[in-house]
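For reference, the chains in residue letters:
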Amino acid sequence: MFQDVEKRVYHEVIKTRNVGLPVRDSDLRKWAAQIAKDLNVKNFKLEEHVFMERVEKIVGVNNTHPSRIINFDQTSVLLQNTYGKTLSPIGVKQKHVIQPPGEKERFTVGLAVTGDGQKFPAAIVFKGGVKTGQLSANILGKLKIPDNVRVFSTRTAWWNSRIDHEWIKQSFEEDTQNTLYLIRDHFAAHLKFESRELLESRNVDQVFIPRGMTGTYQLLDVGINAPFKANLKRAYHEWRKERAELTGKGYLRKPSRQDFIDFVSQAWADVNPETIENAFVGAQILPEPTYMIANEQTSVENDEAPLEFSFSSIEENSGDEVAEDSSLEYSFSTDY
């Protein structure tokens, strides 16, 4: 029966493409669900439904603490977040802006957060040597790396299975007693046997976001990457204001690796816990942020105490002191 669903979905794809219309992941899911219903296919579940059922079990049934639910994602960032626009007097035809030389370099930053707003150190992947893909010991020895940053390197400055394996070793302890849940997408490095085996040995259960649904369930995409990159751009602009000197060829000096590390460290530190918790809610992973739960508990505790009021009457425009009437004292309790 599942093959019948697949054939009919394929037919819908061909029919739609033949008239020049685009086909999206959401279309496939919609067609598959409707066709399965029409064919009365039992136990047919889309990958999205399986994912949400698992999340509900982790959060609701198992009552897992938000600190044990982790989301990880890697994102590409620019070394130089240059200005896209400039103000200029009216009537000026040529608006020349000096920029650093060469193409805009990109690096990778891996970010991981927990449901209660904690942050793992940001993992920066630089472009290493052509032969080894590694930064030399001499270069690494000169870098001052803050506590909220880790530095890796590859030939392409992109996340790969070797970096993923190393990140797991640095991020999770060997003797973790309570199971941790790591929510990630289907990026190739995450699917490698070595990464899965290492995570399992450290009691970390990997939960994969459905393909094509990262915009909905990848909470770093939903609410964290954008403010992080905005912070990164602001850090670069503040740095640039203090370093307007030109090179011998008339270009602005490019930021160094150390500068970029400092940009990332500052940008990551400026992402507050509330933003992270709200992203977990926005991505439908958690029902509400922990700071809201804490406020509700505080409110309940305060409600348990009786509210006492004392009323007295004072004549208008009277300067005489009036004693409180003890007969007008009320004590309210919520015990009913």
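Before any of the text, the structure's been laid out above.
What counts as what
Residues numbered from 1 in each chain as written. Predicted model: local features only at pLDDT ≥ 70, side-chain atom pairs only at ≥ 80, totals over all residues. Heavy atoms only, no water. Helix = DSSP H or I, 4+ residues; strand = E, 2+ residues; numbered from the N terminus. Expected span 1.5 Å × (residues − 1). Buried < 20%, exposed > 50% of the residue type's maximum accessible area, 1.4 Å probe, protein only. Arc of directions from axis to C-beta. 1 Å grid on protein atoms, 1.4 Å probe; cavity = no way out; pocket = protein on both sides within 12 Å on 5 of 7 lines; lining within 4 Å. Points joined across faces, edges and corners; volume = space filled by probe spheres on them. Nonpolar A, V, L, I, M, F, W, Y, C, P; charged D, E, K, R; others polar. Pairing = 2+ DSSP bridges. Axes fitted to C-alpha atoms, helices over the stretch in contact; angles between N-to-C directions. Contact = heavy atoms within 4.5 Å. Parallel < 35°, antiparallel > 145°, perpendicular 65-115°, else oblique. Left-handed = near helix turned anticlockwise from the far one by under 90°.

### Comments concerning helix 2 (residues 25–38)
Then, in step 1: Given a rise of 1.5 Å per residue, 14 residues ought to cover 20 Å, and the 20 Å separating the end C-alpha atoms of helix 2 matches this to within 8%.
Then, in step 2: Taken together, the buried positions of helix 2 are occupied by Arg-29, Trp-31, Ala-32, Ile-35 and Ala-36. All buried residues of helix 2 project into a common sector of 170° when viewed along the axis, lining one side. Away from the buried face of helix 2 by more than 90 degrees, exposed residues Lys-30, Lys-37 and Asp-38 are located.

### What about empty space enclosed by the protein?
Then, in step 1: Applying the stated criterion to the full structure yields one cavity of 30 Å³ or more.
Then, in step 2: By volume, the largest cavity amounts to about 30 Å³.
Then, in step 3: What lines the largest cavity is simply Val-55, Ile-58, Val-59, Ile-69, Ile-183, Val-207 and Ile-285.
Then, in step 4: Ranked by residues supplied to the lining of the largest cavity, first place goes to helix 3 (residues 47–61) with three residues.
Then, in step 5: Looking at the lining of the largest cavity residue by residue, the class counts come to seven nonpolar, no polar and no charged.

### Comments concerning the sheet that holds strand 1 (residues 69–78)
Then, in step 1: Spatially, the six strands line up as an open sheet ordered 4-3-2-1-5-6, and their pairing is mixed. Sheet topology places strand 4 (149–154) and strand 6 (204–208) at the edges, where each strand pairs with a single neighbour. Adjacent strand axes in the sheet meet at a mean angle of 25° when their direction is disregarded.
Then, in step 2: Alignment of strand 5 (residues 180–184) against strand 6, held across five bridges, turns out to be parallel. Within strand 6, the residue paired with Arg-184 across the bridge is Phe-208.
Then, in step 3: Contacts from helix 5 (residues 161–171) reach strand 1, strand 2 (106–114), strand 3 (122–127), strand 4 and strand 5, with the element oriented near 155° to strand 4.
Then, in step 4: Contacts from helix 12 (residues 273–282) reach strand 1 and strand 2 within the one sheet, and its direction differs from that of strand 2 by about 80°.

### Observations regarding the packing of helix 10 (residues 225–241) against helix 11 (residues 257–269)
Then, in step 1: Put simply, helix 10 and helix 11 touch, their axes get as near as 8 Å, and they point 130° apart. Taken together, the axes of helix 10 and helix 11 lie oblique to each other. In this structure, the crossing between helix 10 and helix 11 has a hand that is right-handed. Between helix 10 and helix 11, the residues in contact are Phe-228, Asn-231, Leu-232, Ala-235, Tyr-236 and Trp-239 and Asp-259, Phe-263, Val-264, Gln-266, Ala-267 and Trp-268, respectively.
Then, in step 2: Tallied by class, residues from the contact of helix 10 with helix 11 come to nine nonpolar, two polar and one charged.

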